[in-house]
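Structure assessment
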Amino acid sequence: MPVKLYSATSPKTVRFNQLSSKTGARIRQKRVDPTTDEEVPYEDIVKGYEITPDRYVVITDEELEALDPKATRTIDIEEFVDQAEIDPIYFDHNYYLAPTAGGAKAYRLLLDAMREAGKVGIGRVVLRSKQQLAALRPTDDVLTLTTMLWGDEVLSPDRLDELEAVEDAPATDRELKMAEQLIESLSAAFEPSKFHDEYREQVLNLIERKAAGEEIAVQPEVEEPAAAPDLMAALEASLAAVRSGDDDAPKSRRREPADGDGARKSRSKAEAKT
C-alpha cells in the first residue's frame, strides 16, 4: 500500500541564543583540544565511546555505516495488538500517513479493518537511517504512525525507593470516596484546544514588551514554609470549590495562539509503503 509520511505534530517552544552580556554579540561555540588549547578542525574530529573515565573506543563513520539498517522505504507490520495494552510511555513522535496514487482503496480497507477490530499494528520502519519500533493506528479518518521507544529504553518504576512509602499509606474509605467524587466532578470529554502553554505565551509577551522598550520589574518571590498537607481538608476544599464554581477551581479556557510565535513548522515529507 503506497503512502506518504507527514509529521503530525509541531512542538512549540521559545528558543534563546547565548549572547555576551558586555557586547551583546552572539557567542560562538568552538571545538578545543583541552591538552593544547587549540581549536580542532571538523575534519579532524572522530567519534569516541567512553568505556572508563578518560578511556575511549574510537569508532569510524565507515564502521557505523556498515551497521546502518537498510532504508527499505517500507513499514513492516509484524503483529496486531489491542491499543489498551500499550502504555503511552512508549510513544514518541507521530506521523500521518496519506495514500499516494493508486493506494486509496487499500488505505481505506486497512483503516476500516483496524478500526473495526480495535487493533494497532506494531512493526518497524527506518527513518533518517535509524530503525524505529512503530505503532500504526487509525485516528479518525487517517492512519497514524507513532514511533516508539524500545523495551529497554523505558525504565522500571521499581528503582524508585520512595514508592515503598506508598504501600504503607493506605487511604480511608472516606478519603477514597471524596477523591472519587472530586474526579467525577472534574470529568469531561478531552478537548485539546482547551489547553495551551501559558508559560510560553508569557515568555513571548515578555519578549514583545522588552523589544518595545518597556522596563520590567521582577518581584522577588516569597517562599512559603512547607507544611504537612491535611489530606481531608484539601479534598474538602477542592470539592467545595468545584461545586461552587469558585475561581480557585480548575478551569479551561479557549485561547488563540500568541502572535509572533517562532515555532518551527514541520515540512518533513517522505514516501513509504506499508
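1. Digging into the overall build of the protein
- Regarding its fold elements, the protein presents six helices and 11 strands.
- Counting all 274 residues of the protein, 19% fall into the buried class.
- Put simply, of all contacts in the protein between residues at least 6 apart along the chain, 69% involve residues at least 24 apart.
- If you sum the accessible surface of the protein, you get close to 22,000 Å²; carbon and sulfur atoms cover 51% of it.

2. Topic: the environment of Val40
- When you line up the elements, Val40 lands in the loop between β3 (38-39) and β4 (47-52).
- The exposure class assigned to Val40 is partly exposed, which follows from its relative accessible area of 24%.
- Val40 sits 10 residues away from Lys30 along the chain, and the two C-alpha atoms are 8.2 Å apart.
- Once residues lying within four places of it in the same chain are set aside, the contact partners of Val40 are Arg31, Val32, Asp33 and Ile45.

3. What to know about the pattern of salt bridges
- Tallying each qualifying case throughout the model produces nine salt bridges.
- With a closest N to O distance of 3.7 Å, Arg115 and Asp141 form a salt bridge. Of this pair, Arg115 sits in helix α2 (residues 104-117) while Asp141 is found in the loop between β9 (130-139) and β10 (142-148), placing the two residues 26 residues apart along the sequence.
- By relative accessible area, Arg115 is classed as partly exposed at 35%.
- The exposure class of Asp141 is exposed, given its relative accessible area of 65%.
- Between Arg174 and Glu236 there is a salt bridge, with the nearest N and O atoms lying 3.1 Å from each other. Remark: Glu236 occurs in helix α6 (residues 231-244) and Arg174 occurs in helix α4 (residues 173-185); sequence separation between them is 62 residues.
- Look at Arg174 and you get exposed, because its relative accessible area is 53%.
- For Glu236, a relative accessible area of 35% puts it in the partly exposed group.

4. Regarding α4
- The terminal C-alpha atoms of α4, which comprises 13 residues, lie 18 Å apart, in line with the 18 Å expected from a rise of 1.5 Å per residue.
- Among the residues of α4, Glu175, Met178 and Leu182 are the ones counted as buried. The buried residues of α4 occupy an angular sector of 70° when projected down its axis, which confines them to one face. In α4, the exposed positions that point more than 90 degrees away from the buried face belong to Asp173, Lys177, Ile183 and Glu184.
- In the core, the buried residues of α4 are packed alongside α6.

5. Concerning the nonpolar core
- Grouped together as the largest cluster of nonpolar side chains are 15 residues, with contacts concentrated most on Leu5, Leu97, Tyr107, Val125, Leu136, Leu143 and Leu145.
- Going through the elements one at a time, β1 (2-7), β7 (91-99), α2, β8 (119-127), β9 and β10 are the ones with two or more residues in this core.
- Residue contributions to this core peak at three residues, all from α2.
- Once residues within four sequence positions are removed from consideration, Tyr107 is found in contact with Met1, Val3, Leu97, Ala98, Pro99, Val142 and Leu143.
- Membership of the second largest hydrophobic core comes to seven residues, among which are Ile86, Ile122, Leu133 and Met148.

6. Examining the pairing of β1
- Of the two faces of β1, the one holding Val3, Leu5 and Ser7 is buried and the one holding Pro2, Lys4 and Tyr6 is not buried anywhere.
- Pairing analysis gives five bridges linking β1 to β7, with the strands arranged antiparallel. In the strand pairing of β7, Tyr6 is matched with Tyr96.

7. Digging into a negative patch on the surface
- Together, Asp161, Glu162, Glu164, Glu167 and Asp168 give the surface a local cluster of negative charge.
- Inspection of the secondary structure assignment puts Glu162 in the loop between β10 and α3 (164-167).

8. What about the packing of α4 against α6?
- Two elements in contact, α4 and α6, have axes whose closest approach is 10 Å; the angle formed by their N-to-C orientations is 30°. In this view, α4 runs roughly parallel relative to α6, as classed from their interaxial angle. Crossing hand, α4 versus α6: left-handed. For the pair α4 and α6, the contacting residues are Arg174, Glu175, Met178, Ala179, Gln181, Leu182 and Ser185 in the first and Leu231, Met232, Leu235, Glu236, Ser238, Leu239, Val242 and Arg243 in the second.
- Partitioning the contact of α4 with α6 into residue classes produces eight nonpolar, three polar and four charged.

Calculation rules
Residues numbered from 1 in each chain as written. Predicted model: local features only at pLDDT ≥ 70, side-chain atom pairs only at ≥ 80, totals over all residues. Heavy atoms only, no water. Helix = DSSP H or I, 4+ residues; strand = E, 2+ residues; numbered from the N terminus. Buried < 20%, exposed > 50% of the residue type's maximum accessible area, 1.4 Å probe, protein only. Contact = heavy atoms within 4.5 Å. Areas by Shrake-Rupley, 256 points an atom, 1.4 Å probe, with all protein chains shown as cover. Salt bridge = Lys/Arg side-chain N within 4 Å of Asp/Glu carboxyl O. Expected span 1.5 Å × (residues − 1). Arc of directions from axis to C-beta. Core = buried A, V, L, I, M, F, W, Y, C linked by side-chain atoms within 4.5 Å. Pairing = 2+ DSSP bridges. Patch = residues over 30% accessible without salt bridge, like charges linked within 9 Å, V, L, I, M, F, W, Y side chains within 5 Å. Lys, Arg positive; Asp, Glu negative; His and termini not counted. Charge placed at Lys NZ, Arg CZ, Asp CG, Glu CD. Axes fitted to C-alpha atoms, helices over the stretch in contact; angles between N-to-C directions. Parallel < 35°, antiparallel > 145°, perpendicular 65-115°, else oblique. Left-handed = near helix turned anticlockwise from the far one by under 90°. Nonpolar A, V, L, I, M, F, W, Y, C, P; charged D, E, K, R; others polar.

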